[in-house]
Structure formats: structure tokens, C-alpha cells
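What follows is each chain in one-letter form.
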Amino acid sequence: MTNVLKVALIGANGQLGSDIVSHFSQSDRYQLTALTRADVDITQAESVQKALTSQKFDVVINSAAYVRVDDCEQEVETAFKVNAFGALHVARACREIDALSVYISTDYVFRGDQSSGYTESDLPDPISIYGASKFAGENLVRQTTPRSLILRISSVFGKAGASGKGGNFIETIIKKAKAGDPLKVVNDMFMSPTYTYDAARLLDELLQSGTIGVIHGANTGICSWHEFATQALKLANISHPIESIPASAFPTKATRPMNSALTSDRLESITTLKMRPWQEALTAYLTEKSYR
Ligand SMILES: NC(=O)c1ccc[n+]([C@@H]2O[C@H](COP(=O)([O-])OP(=O)(O)OC[C@H]3O[C@@H](n4cnc5c(N)ncnc54)[C@H](OP(=O)(O)O)[C@@H]3O)[C@@H](O)[C@H]2O)c1
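This one's a predicted model, so the numbers in the text were calculated from it and none came from an experiment.

(A) Seen up close, helix α7 (residues 196-208). In a regular helix each residue adds 1.5 Å, so 13 residues correspond to 18 Å; α7 covers 18 Å between its end C-alpha atoms and thus fits that length. For α7, the set of buried residues is T196, D198, A199, A200, L202, L203, D204, L206 and L207. Looking one or two residues past α7, G210 carries a phi angle of roughly 70°, positive in sign.

(B) Examining the sheet that holds strand β2 (residues 30-35) more closely. With parallel pairing, 6 strands are arranged side by side in an open sheet as β2-β1-β3-β4-β5-β10. If you trace the sheet from one side to the other, it starts and ends with β2 and β10 (213-216), each paired once. Ignoring strand direction, the axes of neighbouring strands in this sheet form an average angle of 20°. Examined bridge by bridge, strand β1 (residues 5-10) and strand β3 (residues 59-62) share 4 bridges and lie parallel to one another. Each residue of the ladder has a partner; that of A8, found in β3, is V60. In this fold α7 packs onto β1, β2, β3, β4 (100-106), β5 (148-153) and β10, with an angle of close to 155° to the strand it touches most, β5.

(C) Up close: the UniProt feature "domain: RmlD-like substrate binding" (unreviewed entry) in the chain. In the numbering adopted here, UniProt assigns the feature "domain: RmlD-like substrate binding" (unreviewed entry) to residues 6-288. Structurally, residues 6-288 is divided into 40% helix and 17% strand, and its ends, taken at the C-alpha atoms, are 29 Å apart.

(D) View of the packing of aromatic side chains. Under the definition given, this model contains 12 aromatic pairs. Aromatic pair F24 and Y30: ring centres 4.3 Å apart, planes at 35°, arrangement tilted. Like Y30, F24 is buried. Here the aromatic rings of F169 and F228 are separated by 5.7 Å at their centres, their planes lie at 10°, and the arrangement is stacked. Of the two residues, F169 is situated in helix α6 (residues 169-178) and F228 in helix α8 (residues 225-235); the sequence distance between them amounts to 59 residues. A relative accessible area of 24% means that F169 is categorised as partly exposed. For F228, a relative accessible area of 1% corresponds to the buried category. Connected via pairs of aromatic rings, a cluster forms that spans F157, F169, Y195, Y197, W225, F228, W278 and Y285.

(E) Structural view of the layout of surface pockets. Size it by volume and the second largest pocket reaches roughly 260 Å³. Along the walls of the second largest pocket sit 16 residues, with A218, T220, S264, L267 and M275 positioned nearest its centre. Of the residues belonging to the lining of the second largest pocket, the class tally is 5 nonpolar, 9 polar and 2 charged.

(F) Spotlight on the packing of α8 against helix α10 (residues 278-288). The contact between α8 and α10 brings their axes to 10 Å, and the two run at 45°. With respect to α10, the axis of α8 lies oblique. Taken as a pair, α8 and α10 cross one another with a handedness that is right-handed. On α10, the residues that touch E227, F228, Q231, A232 and L235 of α8 are W278, Q279, L282, T283 and L286. Within the contact of α8 with α10, the residues separate by chemical class into 6 nonpolar, 3 polar and 1 charged.

How each quantity is defined
Residues numbered from 1 in each chain as written. Predicted model: local features only at pLDDT ≥ 70, side-chain atom pairs only at ≥ 80, totals over all residues. Heavy atoms only, no water. Helix = DSSP H or I, 4+ residues; strand = E, 2+ residues; numbered from the N terminus. Expected span 1.5 Å × (residues − 1). Buried < 20%, exposed > 50% of the residue type's maximum accessible area, 1.4 Å probe, protein only. Pairing = 2+ DSSP bridges. Axes fitted to C-alpha atoms, helices over the stretch in contact; angles between N-to-C directions. Contact = heavy atoms within 4.5 Å. UniProt positions renumbered as here; feature names shortened; annotations may be inferred. Phe/Tyr/Trp six-rings, centres within 6.5 Å; stacked < 30°, edge-to-face > 60°. 1 Å grid on protein atoms, 1.4 Å probe; cavity = no way out; pocket = protein on both sides within 12 Å on 5 of 7 lines; lining within 4 Å. Points joined across faces, edges and corners; volume = space filled by probe spheres on them. Nonpolar A, V, L, I, M, F, W, Y, C, P; charged D, E, K, R; others polar. Parallel < 35°, antiparallel > 145°, perpendicular 65-115°, else oblique. Left-handed = near helix turned anticlockwise from the far one by under 90°.

Below, the structure written as C-alpha cells:
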């Protein structure tokens, strides 16, 4: 008989959260409690305590975050309240009920000056407030409970679109291309895109294998934002030029890593599920969204 895990998910209506809900609620291995911001505000310790300690959860997944990277530079307090102290409140509740504390993190914990992709053993050194607040969140979780899983993902695209960002990069590119708007995308900033559907399935495997510690869970391969956008239009059969520009021509409030590609040294020995190449994940996403 399968051992059913009682899982609480915070941030359930977010981009990643909604794919975790659809995947986990279809599985007989989980009994999922999906919590939105209306159910729990992670910046409030009492709210977290009330939501999480009333039941004996085996796992708590914290997918809630303040994700607007540029706004974080001004909204420093909010960034740390949600991404760091919020994570601490959740981890404390997990320790109290002896649940595994899962924290979703980001490639932006890295500086981005490395020529190859970042593995789990590379040391974070964030260069933005968002990255610093997420790294603080990781540390607070690790410091609070020995039973934690930190899943780093990057350049996320999913059916729901990031609620905090009002969509996702691919949606914006397709919308602008269809409207005939001029498009300029940076060609010297590199990353590994992550399809939320794949991240949700990976999380399932990680929970089943009892994995703890840090895991990099992006789709495989590395691309520039320009390559990512060009491939999306090609796969969606939209003919529209995308001007290739250097990051220096597109100044933003937050400094972003030039290369934040994530690779994993750990996954192969842990799960049977192989993260697919980003091009295949993008094809699946565009098919799911009926763009092809
Ligand atoms: N988006 C990316 O490109 C990206 C890249 C790397 C890592 N990540 C990480 O992946 C995770 C999921 O991101 P996402 O793209 O799914 O973002 P998202 O769509 O903005 O989802 C974040 C969720 O957090 C909720 N939330 C915000 N503040 C909260 C609070 N104080 N209490 C409770 N819930 C709160 C939001 O609720 P409302 O909808 O009510 O605001 C939303 O449902 C985050 O940890 C993020 O740091 C994202």
C-alpha cells in the first residue's frame, strides 16, 4: 500500500503553485491542502502557525514569494518580509510539527560571473535585493530545521503565468509579436529556463525519494534570453523579428546575473525522472497553451 503524504502548499495560485496543485491532486500518493494568500500570510508568524500546526502535515511546500525583481530594489523590507522572514515562519512551524520544509528558490542567488552553469556545490553570492532576500530565506530555513529541501529553479514559465509579475516572458513575447510591436531582447545574459509542469513532477520525485538539501531543478541546457524568445516564436509559427541587444543597452533597477544557468550534480543519482531539454519543455508548454 502506498504511504499517502499530507502536503500543505503555500502560494497555491501562483505560477508554480498552480502546477503543483494540478499534479499533486491527481496523485494518490498525496493528500494536498492548497493554501492561497487568503488562507495564510507568510509575513505573519501567527497566521503561519494557525494554518500549519492545526494538522499533522508531513511536508510543507513554500512557493510563495515576492518575485518582482526590480521592485525589490526599492521594496527591500517587503522582499525580506516575504522571501526571508516568511520562509523562517514556515520553517519554524515545520520544525514544530516535524514536517519537511520545502523552500522554492532561484538562480538569482548566484553572482553570474562563472562561464559554466552553477551546480549545487557552488557558493551563492547574490547581486540583487531579490537574490539576497531569497538566499537569506534559504539560510533561515536551513538554520531552523535539519529537514529541509531547497529547490532552485530559474526563468520560470508556466500555464498560469507569474501572478506577481503579471504573466511570464514567453507570453509577453508572443503577445507583442502578434500585435506587431518591435521586440528587443538581450543576447548576452544566459540561463536555464524551467517549465513549472516539469518542476512540479520533479518535486513529486524528490518527495518520494526523501531528498533533503539543495537541488537545482531547471530544464537542461543553457540559452540567452534572445535565443529563448526566438525559439518560442519559431515553435509558435510566428514570423516576427527580434532585435538582439546587449544587456548594457537595457538598464534595469536590479542588477541581474549574466550567467545564472543551473545544472545539477545530484539529480542523476536521486531520481529516475530526467529534466528534459528546455526546447522540449517549451514545445510542450506552447502545445498546452494551443500556440502550436
Ligand atoms: N518567476 C520566476 O521566473 C522564478 C524564477 C526562479 C525562482 N522562482 C521562485 O519560484 C517560486 C514561485 O514563483 P512563481 O513564478 O510561481 O511566482 P508567483 O506566480 O508570483 O507566485 C507567488 C505566490 O506567492 C503568493 N504570495 C505572495 N506573498 C505572499 C504572502 N505574504 N503570503 C502568502 N502568499 C504570498 C502570491 O499570492 P498572490 O497571487 O495573492 O499575490 C502568489 O500566489 C518563488 O519562490 C520564486 O521565488 C521564480
